[in-house]
Protein chains: 2
Amino acid sequence: MIYHDIKSDSLSETELKILSAARKIFIRKGLDGARMQEIANEAGINKALVHYYFRNKQKLFEAVFTEVFRNFLPQISGVLKSEIPLTDKIEAIVGKYIDFLQKNPYLPMFVMNEINRNPDKLANLLKSNGIEPEDITGQIKNGLDNIELRDIKPEHLIVNILSLCIFPFAAKSMIEKFLFKGDLKKFNAFFNERKSEVTRFIINSIVKQ
Amino acid sequence: MIYHDIKSDSLSETELKILSAARKIFIRKGLDGARMQEIANEAGINKALVHYYFRNKQKLFEAVFTEVFRNFLPQISGVLKSEIPLTDKIEAIVGKYIDFLQKNPYLPMFVMNEINRNPDKLANLLKSNGIEPEDITGQIKNGLDNIELRDIKPEHLIVNILSLCIFPFAAKSMIEKFLFKGDLKKFNAFFNERKSEVTRFIINSIVKQ
DNA sequence: AATTGGTTTAACCAAACGGTCAAAAATAAA
DNA sequence: TTTATTTTTGACCGTTTGGTTAAACCAATT
């Protein structure tokens, strides 16, 4: 079943091979840096076959981009909708984010590049996955009222949480080289610590004590 | 005076026009996305002239990249070396960073893309500007000992500070669209608040009280 | 065995690209 | 003014790139 404009649920083996190869290449090299020939080679097929299933580079990229979020967004959405205290929710979000990014460390740069190229796309993708800014800010406002927390605007808290989770992966190789001078042991230990460290850092900052 | 391999202090008007045009194009479109013809057009000159002064695309990119940091790094270096309490130092660093990035909002993505392409380059550039990881971690360790601060590994504190300062600019357009739905008034107010907000967020998190 | 329809391939194409070159134009030196 | 040097240009080149096409392949149906 060819892709072109209509989405299909059952993907052939070849389509899966193409998507997997395209994901790998696009994420590492970006839209401009990726080569259709390279994607075909990675998938072990002829280049024309890539065009046969996905028509052109842009359409293939879109397919990869939306596929990447189909697994992750429902997880985040689930945590956001759950009825737990704000601090627990923060811990859960940070955990999910860092877990996911440890498995997909190249994703932040991939996504952020696409955000700057087309800011509406991800915003719409979030909304179509039931993630609405008003829901989140509203929940945070309630959470801040109910317990003894410092006043902080929800928008800043959201951006701070995302910053602390996402940025280190975007700057990963730099941190490795500059901060740990290539010592992979210390470097990996650092990234393993971040889940609890970031949670603690945020909670400390907003809890009155 | 042509560039090629030897750096020169006195740059001709044409060289400055090229560098300025290249900065604009490279920062917006990246190394792969930028076109030499586009840079020449932006500078209002012939494409061959760009090659005459900077030989090739890679060399021109390097020139732009290093030039970008020649203004900024000395500022950071100055603050780091100053003998002031850790909390004041954090406030100064956050201030310098956010001030600089408000004037150069496209820079984070530009730099982060290059970091992932060539992690050593920026690490070396930092060191050649007298910014050494041991100095910074050492200073933070001392700062944490001297006053009543929570224990936090210096590496985490450094990465947290950079995350909170840099990431929001990399995700700027996304924040505008999703969080503020294109309301530029609220959006600008948000970014103006961040300098004090980020400082407060970090200090709150590390000060015992 | 022949037909049909989807799949895969090798060969090919036009456009775009980074880069070169010889000559013209402008500037400096004699 | 003439000569030498540097700067600027238009035309050009080889390669790479995304994309197309016609034919080959293959499995299922009749």
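Throughout this description, residue numbers start from 1 for each chain and increase along the sequence as written. Chain labels run from A onward and ligand labels from 1 onward, assigned in the order the entries are written. Totals for whole chains, interfaces and linings use all residues, but because this is a predicted model, local features are given only for residues with pLDDT of at least 70 and pairs of side-chain atoms are given and counted only at 80 or more. Only hydrogens and water are removed before side-chain values are computed, so all heavy atoms of the structure are retained for them.

Participant: Would you mind going over the protein's contact with DNA strand C in detail, with residue names and values included?
Facilitator: By convention in this text, a residue qualifies as near a molecule or strand provided that one of its non-hydrogen atoms is within 4 Å of it. Around DNA strand C there are 16 residues in total, and N46(A), Y53(A), R35(B), K47(B) and K57(B) lie nearest to it. Here, DNA strand C places atoms within 4 Å of the protein, and 55% of those atoms are sugar or phosphate. Think of a polar contact as two N or O atoms within 3.5 Å of one another; within protein, one of them needs to be a possible hydrogen donor and the other a possible acceptor, and neighboring residues in sequence only count if both atoms come from side chains. Between a phosphate oxygen of DNA strand C and a main-chain N or O atom of K57(B), the distance comes to 2.8 Å. Mapped by element, the contributors of at least two residues to the surface near DNA strand C are α3 (47–54) of chain A together with α3 (47–54) of chain B. When grouped by side-chain class, the residues that make up the surface near DNA strand C number nine nonpolar, four polar and three charged. Helix numbering and strand numbering both begin at the N terminus, where a helix is a DSSP run of H or I of at least 4 residues and a strand a DSSP run of E of at least 2. For this scheme, ten residues count as nonpolar: Ala, Val, Leu, Ile, Met, Phe, Trp, Tyr, Cys and Pro. Four count as charged, namely Asp, Glu, Lys and Arg, and the remainder, Gly too, count as polar.

Participant: Summarise the domain arrangement of chain A; cite the residues concerned and give the values.
Facilitator: A common measure of how large an interface is: the accessible area buried when the components associate. Residues and elements named next belong to chain A. When the domains of chain A are assigned, the result is domain 1 (1–55) and domain 2 (68–206). Domain start and end points were adopted from an automatic or database domain assignment. One C-alpha centre belongs to domain 1, the other to domain 2; they are set 29 Å apart. Throughout, a contact is declared for two residues whenever any of their heavy atoms are within 4.5 Å. The interface is formed by six residues belonging to domain 1 together with five residues belonging to domain 2. Counting each side, the surface lost to burial between domain 1 and domain 2 is near 570 Å², with a carbon and sulfur contribution of 62%. Once two parts are joined, some of their accessible surface, as seen by a 1.4 Å probe, is lost; buried area is that loss totalled over both.

Participant: Could you give me a rundown of the pattern of salt bridges, with the residues and numbers involved?
Facilitator: Residue and element names in this part refer to chain A. Any Lys or Arg side-chain nitrogen found within 4 Å of a carboxyl oxygen on Asp or Glu counts as a salt bridge. Inspection of the entire model under this criterion finds 26 salt bridges over all chains. Across the pair K24 and E42 runs a salt bridge whose closest N-O atoms are separated by 3.1 Å. With K24 in helix α1 (residues 13–33) and E42 in helix α2 (residues 36–43), the pair connects residues that are 18 residues apart, well separated along the chain. Burial status follows relative accessibility: with a 1.4 Å probe on protein chains alone, a residue under 20% of its type maximum counts as buried, one over 50% as exposed, and anything between as partly exposed. For K24, a relative accessible area of 40% translates into the label partly exposed. In this structure, R117 and E114 form a salt bridge, with 3.9 Å as the shortest nitrogen-oxygen distance. Here R117 and its partner E114 are both found in helix α6 (residues 107–117), three residues apart, which amounts to about one turn of the helix.

Participant: If you had to explain the packing of α1(A) against α3(A) to someone new, which residues and values would you point to?
Facilitator: All names here are of chain A. To obtain an axis, a line is fitted to C-alpha atoms, over the contacting stretch when the element is a helix, and the angle between two such axes runs from 0 to 180 degrees between their N-to-C directions. Where α1 meets α3, the axes come as close as 11 Å, and the angle between the chain directions of the two elements is 105 degrees. In this view, α1 runs roughly perpendicular relative to α3, as classed from their interaxial angle. Residues T14, E15, I18 and L19 of α1 form the contact with α3, whose own contacting residues are L49, V50, Y53 and F54. Tallied by class, the residues present in the contact of α1 with α3 amount to six nonpolar, one polar and one charged. Just so you know how the angles are binned, under 35 degrees is roughly parallel, over 145 roughly antiparallel, 65 to 115 roughly perpendicular, and the rest oblique.

Participant: Which residues make up the protein's contact with DNA strand D, and what values go with them?
Facilitator: The immediate surroundings of DNA strand D are formed by 16 residues, with R35(A), K47(A), K57(A), Y52(B) and Y53(B) found nearest. Within 4 Å of the protein, the contacting atoms of DNA strand D are 56% sugar and phosphate, with bases supplying the remainder. Within the side chain of R35(A), an N or O atom sits 2.8 Å from a phosphate oxygen of DNA strand D. In this structure, a phosphate oxygen belonging to DNA strand D sits 3.2 Å away from a side-chain N or O atom of T14(B). Contributions of two or more residues to the surface near DNA strand D are made by α3 of chain A together with α3 of chain B. At four residues, the largest contribution of residues to the surface near DNA strand D is made by α3(B). For the surface near DNA strand D, the class distribution of residues is nine nonpolar, four polar and three charged.

Participant: Explain the relation of the copies chain B and chain A to me, using residue names and the numbers behind them.
Facilitator: Note on the identical chains: chain B maps onto chain A by a rotation of 180 degrees and an axial translation of 0.0 Å, with an RMSD of 0.1 Å. Interpreted geometrically, this transformation is the action of a two-fold axis. Residue S205(B) of chain B places its C-alpha closer to the rotation axis than any other residue of that unit, at 2.0 Å. Here 100% of the interface residues in chain B have copies in chain A that are interface residues too; the copies meet face to matching face. When the copies are superposed, the least-squares fit takes in the C-alpha atoms of residues with a pLDDT of at least 70 in both.

Participant: Describe in detail the environment of V68(B), supporting the description with residues and values.
Facilitator: Residue and element names in this part refer to chain B. Among the structural elements, V68 can be located in helix α4 (residues 57–81). Exposure remark for V68: the relative accessible area of 9% places this residue in the buried category. Between the alpha carbons of V68 and S173 there is a distance of 22 Å; along the sequence they are 105 residues apart.

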